[in-house]
Amino acid sequence: MLDIKRADSLFQQRSYKEAMEIYQQNYQMGIYSPAMLLKMSFISEGIGDKEHATLYLSKYYDLNPNPQTITKIKSLTGQSNLVGYEVSDGARFMLFLVEYQEFIVGALSFFLLISLIMLWVNGRKIPEARYYWPSILLIILIFAANNFLKAPRTALVTQSPTMIVTKPSAGGELLDRVEPGHRVKIKSSKDIWYEVEWKNQTAYIKKDNVTRL
């Protein structure tokens, strides 16, 4: 991880180019925070790069969904009605779990260790199998948290125009023709296509027309 504090200092000094270089290298390694994404969007907009400004804001929205971010993205893209920014209570809860995944796994592992120690200490006094269920349940929860606790895969439409069709082929029926700024939830990948969720239905979009978030 490169020195983000140094980048923040450069940002405060309005040395935006130097700060952006550090931010981008961290972003490419998957290291970023909501505050860093806002600064990257600010710098990108300042140099006229609205595409990347929208990209960073859209990623920021994944971490901190709020109406103000949608309003700003609408302003950057010139789109009055954007699709893909609806966040349900269940999705918010999942984002919370993903954000604190390491803490959750650590806490579960701690309780598992305590449970195993208690079983070992009291092993001769616990003849019934039902006393082993807490440890088994904790093992299952740790496995699930490590392997299945993942944020939904999303992508931002970045090409103009982008066709959204019913089948992963040129013969697919056209569902929508959209401009950059919309978001889609990726369900799977098929050759040059993504299978996505679009307006509550399954659709397909070419990979070249979107940027993964």
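Structure's up top.
What comes next is a walk through the structure. Source: prediction; values computed, not measured. (Residues numbered from 1 in each chain as written. Predicted model: local features only at pLDDT ≥ 70, side-chain atom pairs only at ≥ 80, totals over all residues. Heavy atoms only, no water.)

Here's the deal with the pattern of salt bridges
Reasoning step 1: Summed over all chains, the structure comprises 5 salt bridges.
Reasoning step 2: Between lysine 39 and aspartate 8 there is a salt bridge; the shortest N-O distance is 3.1 Å. Of this pair, lysine 39 sits in helix H3 (residues 34-46) while aspartate 8 is found in helix H1 (residues 4-12), placing the two residues 31 residues apart along the sequence.
Reasoning step 3: Aspartate 176 serves as the salt-bridge partner of lysine 199, at 3.0 Å between the closest nitrogen and oxygen. In this pair, lysine 199 is assigned in the loop between strand S5 (193-198) and strand S6 (201-206) and aspartate 176 in strand S3 (residues 174-178), connecting sequence segments 23 residues apart. (Salt bridge = Lys/Arg side-chain N within 4 Å of Asp/Glu carboxyl O. Helix = DSSP H or I, 4+ residues; strand = E, 2+ residues; numbered from the N terminus.)

Observations concerning the nonpolar core
Reasoning step 1: Tyr23, Tyr27, Met40, Tyr56 and Tyr85 are the most contacted members of the largest nonpolar core, which has 25 residues in total.
Reasoning step 2: Where this core is concerned, the elements lending two or more residues are H1, helix H2 (16-28), H3, helix H4 (50-63) and helix H5 (67-77).
Reasoning step 3: Per element, the largest residue contribution to this core is 6 residues, and it comes from H4.
Reasoning step 4: Those residues within four positions of tyrosine 23 in sequence are excluded, and the remaining contacts are Ile4, Ala7, Asp8, Phe11, Met36, Lys39, Met40 and Ile43. (Core = buried A, V, L, I, M, F, W, Y, C linked by side-chain atoms within 4.5 Å. Buried < 20%, exposed > 50% of the residue type's maximum accessible area, 1.4 Å probe, protein only. Contact = heavy atoms within 4.5 Å.)

Remarks on the environment of valine 196
Reasoning step 1: Within the fold, valine 196 resides in strand S5.
Reasoning step 2: Distance from valine 196 to alanine 155, taken between C-alpha atoms, is 9.3 Å for residues 41 residues apart in sequence.
Reasoning step 3: In this structure valine 196 touches Val184, Lys185, Ile186, Lys187, Gln201, Thr202, Ala203, Tyr204 and Ile205, once residues within four positions along its chain are discounted.

These values are about where atoms sit, not about what they do.
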